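# Survey of secondary and tertiary structure
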Amino acid sequence: MKLHNTLTKKVDDFTPLDPASVRVYSCGPTVYNHAHIGNLSAYIYSDILHRTLILIDHSVQRVMNLTDVDDKTIRDSRTKYPDLEPMEALIKFTRHYEGIFLREMCEVGNLVDEVQFERATDNIAEMQRLILKLLREGIAYLADDGIYFSISEYSKTRKYGQLSKIEVAKDREARINNDEYDKDTASDFALWKRLREGEPSWNFWINLREYPESIIHATQLGDWFREARNTNSATVNDSDFLTQKSQEGFTLLSGRPGWHIECSAMSVKNLGQPFDIHTGGVDHIFPHHENEIAQSTAGDQPEKMADFFVHNEFLLVDGRKMAKSDHNFYTLPDIVIKGFDPLDFRMLVLQSHYRNASNFTWENLTAAQNRRRNWRNAAELRWQTTDSDDDGQAEIINNLLDEATQALQNDLDTPAVLMLIDQAVDVLAKDPSNVDHFALNNLIKFIDDNLGLKLAETTPDITDEQKKLIAQRQTARAEKDFAKSDEIRDQLAKQGIEIKDSAVLGPIWSRRS
Ligand code: AMP
Ligand code: ZN
């Protein structure tokens, strides 16, 4: 299989590090809102990668994080639930959007049961462990408002910026506390943020005597510690323990993790290091993935976080970046309410290669809907034809599917796959009296397993009642009672069933919606 690797900037041969299982980490959503259609496109592309690995007989272990604590989740959970404790508000708020996210993942046809979802808030201890390691090695330091990753310390032994040509800030300790930033220079970034009034926080005990003195860049650590004693941090309720710890030289640095640390902690915990493939959108290359790599490869950790970094280009709307202020910002419900199926959106996404920007317009979505309808109408022929056992047709379709398999292995070339399937569908549509069921079933299975378009599920047989109506229409036509046959045709049309009369097969039904 060939895959573009942002580390090498070219399409490389992919070979699993361990043939027994391909380990994939996908950066997941921040669960503070409906995912927008750009986010969903990123997960559709990583789903195609997952399915292609399965297609070529790999077993896959894939982890996706759910960011349920960060600047945005905290901000919006406080606004939504001002009367709840900050931690309670955060959990209630993020669980709601987590549920919506998982439902929408299913609706757009992505594998869900086969992905291991990991919440940031369930992995705080892992993150703390990694931060302590970085502190011990002198690569992280304590400042007054949090614990930071030192890019200059890291750069003594490793190169920061493996994916992008990013400049390191000249000021040795230029610091960024925000989770997201669009600066073009790398600065020290927060691994752990000191608690702020009204924010959820977790205990973080550090025995500072065990760490090099050089890690303390703070001037008011005592304040941090005193503040911590007065808050309702997640597990601070045992004051004896607190006193005892303080006597032993422990300092309590209550706070919460920065964004980047969660992926480093959760990937190494679940997949080891290096793992095979890391996925995300191009906006994650810097700072998120550069920072993840730095955290995961600092000190005595392996030199590589992952073998491959695979990044999808952005989905645009009407050729422009999506933005609420530009009124071109859509979520899945915005599409569904206009009568489209989430799978029409999936088809639209697959029409573009993941390394090209895809363009969402209502016209493009209508074209994708039509294409999906064509495919479904071909699949519906399996209910209305007897197996012709046509070797010629089977050979053509199976050859097209072999080519489609090659196209997927060629850096996930979904546009090429879609055109090959169109050809197979044409072969069936042109000669419906001669459908080879084995070939048709192969085609449906290929589409469902590898493209996730749920063709079998969305093309059930019509009901007995509808079959009766079609038979009655035939009788009416035979009796030249055209008023009645038109009336029955209209009745079926209202149920979304269209009838076409063919010379050889007689009436052929197809679903229009
Ligand atoms: P976020 O929740 O912002 O971390 O984004 C979730 C995923 O969606 C990340 O992999 C982003 O890189 C990706 N992403 C964000 N916006 C777009 C877009 N317009 N098109 C494609 N992918 C996007
Ligand atoms: Zn990540």
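Use the structure listed above.
This structure is a prediction, so every number in the text was calculated from the model and none was measured.

Take the site of ligand 1 next. The immediate surroundings of ligand 1 are formed by 16 residues, with Gly38, Tyr43, Gly281, Asp283 and Leu315 found nearest. One of the backbone N or O atoms of Gly281 is found 3.0 Å from an oxygen atom in ligand 1. Interatomic distance of 2.3 Å between a side-chain N/O atom of Asp283 and an oxygen atom of ligand 1. A total of 490 Å² of accessible area belongs to ligand 1 in isolation, and the protein chains cover 91% of it. Put simply, the parts of the chain that give the shell around ligand 1 at least two residues each are α1 (37-55) and β15 (275-281). Looking at the shell around ligand 1 residue by residue, the classes come out as 5 nonpolar, 9 polar and 2 charged.

This brings us to helix α16 (residues 464-478). The terminal C-alpha atoms of α16 lie 21 Å apart, and with 15 residues this matches the ideal 21 Å at 1.5 Å per residue to within 8%. Along its buried surface, α16 packs onto α17 (482-494), β19 (497-502) and β20 (506-511). A positive phi of about 60° marks Lys480, the residue just after α16.

Relative to each other, helix α14 (residues 414-430) and helix α15 (residues 437-451) sit at 155°, their axes nearing to 11 Å. Here α15 runs roughly antiparallel to α14, going by the angle between their axes. Of the two elements, α14 crosses α15, and the hand of that crossing is left-handed. Only Leu440, Leu443, Phe446, Ile447 and Leu451 of α15 make contact with α14, whose side of the interface consists of Val417, Leu418, Ile421, Ala424, Val425 and Leu428. The residue makeup of the contact of α14 with α15, split by class, is 11 nonpolar, no polar and no charged.

Let us now look at the pattern of salt bridges. Considering all chains together, one arrives at 34 salt bridges under this definition. Here Asp276 makes a salt bridge to Arg23, at a shortest N to O gap of 4.0 Å. On the criterion of sequence distance, the pair formed by Asp276 in strand β15 and Arg23 in strand β3 (residues 22-26) is long-range, its members being 253 residues apart. For Arg23, a relative accessible area of 17% translates into the label buried. Ionic pairing is found between Asp47 and Arg346, a salt bridge with its closest N-O pair at 2.7 Å. Of this pair, Asp47 sits in helix α1 while Arg346 sits in helix α11 (residues 342-350), placing them 299 residues apart in sequence. Taking the relative accessible area as the measure of exposure, Arg346 reaches 0% and is therefore buried. Residues joined by salt bridges that share partners form a network here, namely Asp71, Lys193, Arg196, Glu199 and Arg256.

Spatial ordering of the open sheet is given by β5-β4-β3-β15-β16, a layout of 5 strands whose pairing is parallel. Two strands bound the open sheet, and with one partner strand each, they are β5 (115-119) and β16 (306-312). Sheet twist, expressed as the mean angle between neighbouring strand axes with direction ignored, is 20°. Where β15 meets β16, 6 bridges bridge the pair, whose relative direction is parallel. Bridging across to β16, Thr279 finds its partner in Val310. Its contacts with the sheet place α1 against β3, β4 (60-66), β5, β15 and β16, and it is angled at close to 165° to β4. The sheet contacts of helix α9 (residues 285-297) involve β15 and β16, and relative to β15 the element is tilted by about 155°.

Once that is clear, we can look at the nonpolar core. Among the nonpolar cores identified, the biggest contains 78 residues, and Leu3, Ile277, Phe345, Phe360, Trp375, Ile421 and Leu443 are the most heavily contacted of them. When residues in this core are grouped by element, the largest group, 8 residues, is from α1. Leave out the neighbours within four places in its chain, and Trp375 touches Met347, Leu418, Ile421, Asp422, Val425, Ile447, Leu451, Leu453 and Leu455. Counting 49 residues, the second-largest nonpolar core is a separate cluster that includes Leu132, Met266, Ala294 and Ala306.

On to the coordination of the zinc ion (ligand 2), then. Geometrically, a metal with four donors at the corners of a regular tetrahedron has ideal angles of 109.5 degrees, and one with six donors at the corners of a regular octahedron has ideal angles of 90 or 180 degrees. Within the first shell, the zinc ion (ligand 2) binds the protein through Cys27 (SG), Cys263 (SG), His288 (NE2) and Glu292 (OE), at distances of 2.1 to 2.2 Å. Because the angles between the 4 donor atoms bound to the zinc ion (ligand 2) fall within 75 to 129°, the donor set is best described as irregular.

Looking now at the packing of aromatic side chains. The relative placement of two aromatic rings is captured by the distance of their centres and the angle of their planes. All told, the structure shown has 15 aromatic pairs when counted by the stated rule. Relative to Tyr148, the ring of Tyr141 has its centre 6.1 Å away and its plane inclined at 25°; by these criteria the two rings are stacked. Accessibility classification places Tyr141 together with Tyr148 in one group, the buried group. Against the face of Trp362 rests Lys338, its NZ or CZ located 4.7 Å from the ring centre.

On to unusual backbone geometry, then. Of note, the amide linkage connecting Gln273 to Pro274 takes the cis form, showing an omega dihedral of -5°. Across the junction of Phe286 and Pro287, the peptide omega takes the value 5°, indicating a cis bond. Along the polypeptide, Pro287 turns up in helix α9. Although it is not a glycine, Lys9 sits at a positive phi angle of roughly 65°. Looking at where Lys9 falls in the secondary structure, it is placed in the loop between β1 (2-5) and β2 (10-13). For Lys9, a relative accessible area of 47% corresponds to the partly exposed category.

Turning to a negative patch on the surface, a few remarks are in order. Taken together, the side chains of Asp387, Asp389, Asp391 and Glu395 make up a negatively charged region of the molecular surface. With respect to the helices and strands, Asp389 occurs in the loop between α12 (362-380) and α13 (391-409).

On to the environment of Asp501, then. Relative to the helices and strands, Asp501 resides in strand β19. With relative accessibility at 38%, the residue Asp501 sits in the partly exposed group. Sequence spacing of Asp501 and Gln474 is 27 residues, and the spatial spacing of their C-alpha atoms is 9.9 Å. Discounting chain neighbours no more than four positions away, the residues touching Asp501 are Arg473, Gln474, Arg477, Gly506 and Pro507. A polar atom in the side chain of Asp501 sits 2.8 Å from the side chain of Arg473. Reaching out from Asp501, the side chain makes a polar contact with the side chain of Arg477 at a distance of 3.4 Å.

Criteria and cut-off values
Residues numbered from 1 in each chain as written. Chains lettered and ligands numbered in written order. Predicted model: local features only at pLDDT ≥ 70, side-chain atom pairs only at ≥ 80, totals over all residues. Heavy atoms only, no water. Near = heavy atom within 4 Å. Polar contact = N/O pair within 3.5 Å; in protein donor to acceptor, adjacent residues only side chain to side chain. Areas by Shrake-Rupley, 256 points an atom, 1.4 Å probe, with all protein chains shown as cover. Helix = DSSP H or I, 4+ residues; strand = E, 2+ residues; numbered from the N terminus. Nonpolar A, V, L, I, M, F, W, Y, C, P; charged D, E, K, R; others polar. Expected span 1.5 Å × (residues − 1). Contact = heavy atoms within 4.5 Å. Axes fitted to C-alpha atoms, helices over the stretch in contact; angles between N-to-C directions. Parallel < 35°, antiparallel > 145°, perpendicular 65-115°, else oblique. Left-handed = near helix turned anticlockwise from the far one by under 90°. Salt bridge = Lys/Arg side-chain N within 4 Å of Asp/Glu carboxyl O. Buried < 20%, exposed > 50% of the residue type's maximum accessible area, 1.4 Å probe, protein only. Pairing = 2+ DSSP bridges. Core = buried A, V, L, I, M, F, W, Y, C linked by side-chain atoms within 4.5 Å. Donors = N, O, S within 2.8 Å, 3.2 Å for Na, K, Ca; no water. Tetrahedral: all angles 85-135°; square planar, octahedral: opposite > 155°, others 65-115°. Phe/Tyr/Trp six-rings, centres within 6.5 Å; stacked < 30°, edge-to-face > 60°. Lys NZ or Arg CZ within 6 Å of the ring centre and 35° of its normal. Patch = residues over 30% accessible without salt bridge, like charges linked within 9 Å, V, L, I, M, F, W, Y side chains within 5 Å. Lys, Arg positive; Asp, Glu negative; His and termini not counted. Charge placed at Lys NZ, Arg CZ, Asp CG, Glu CD.

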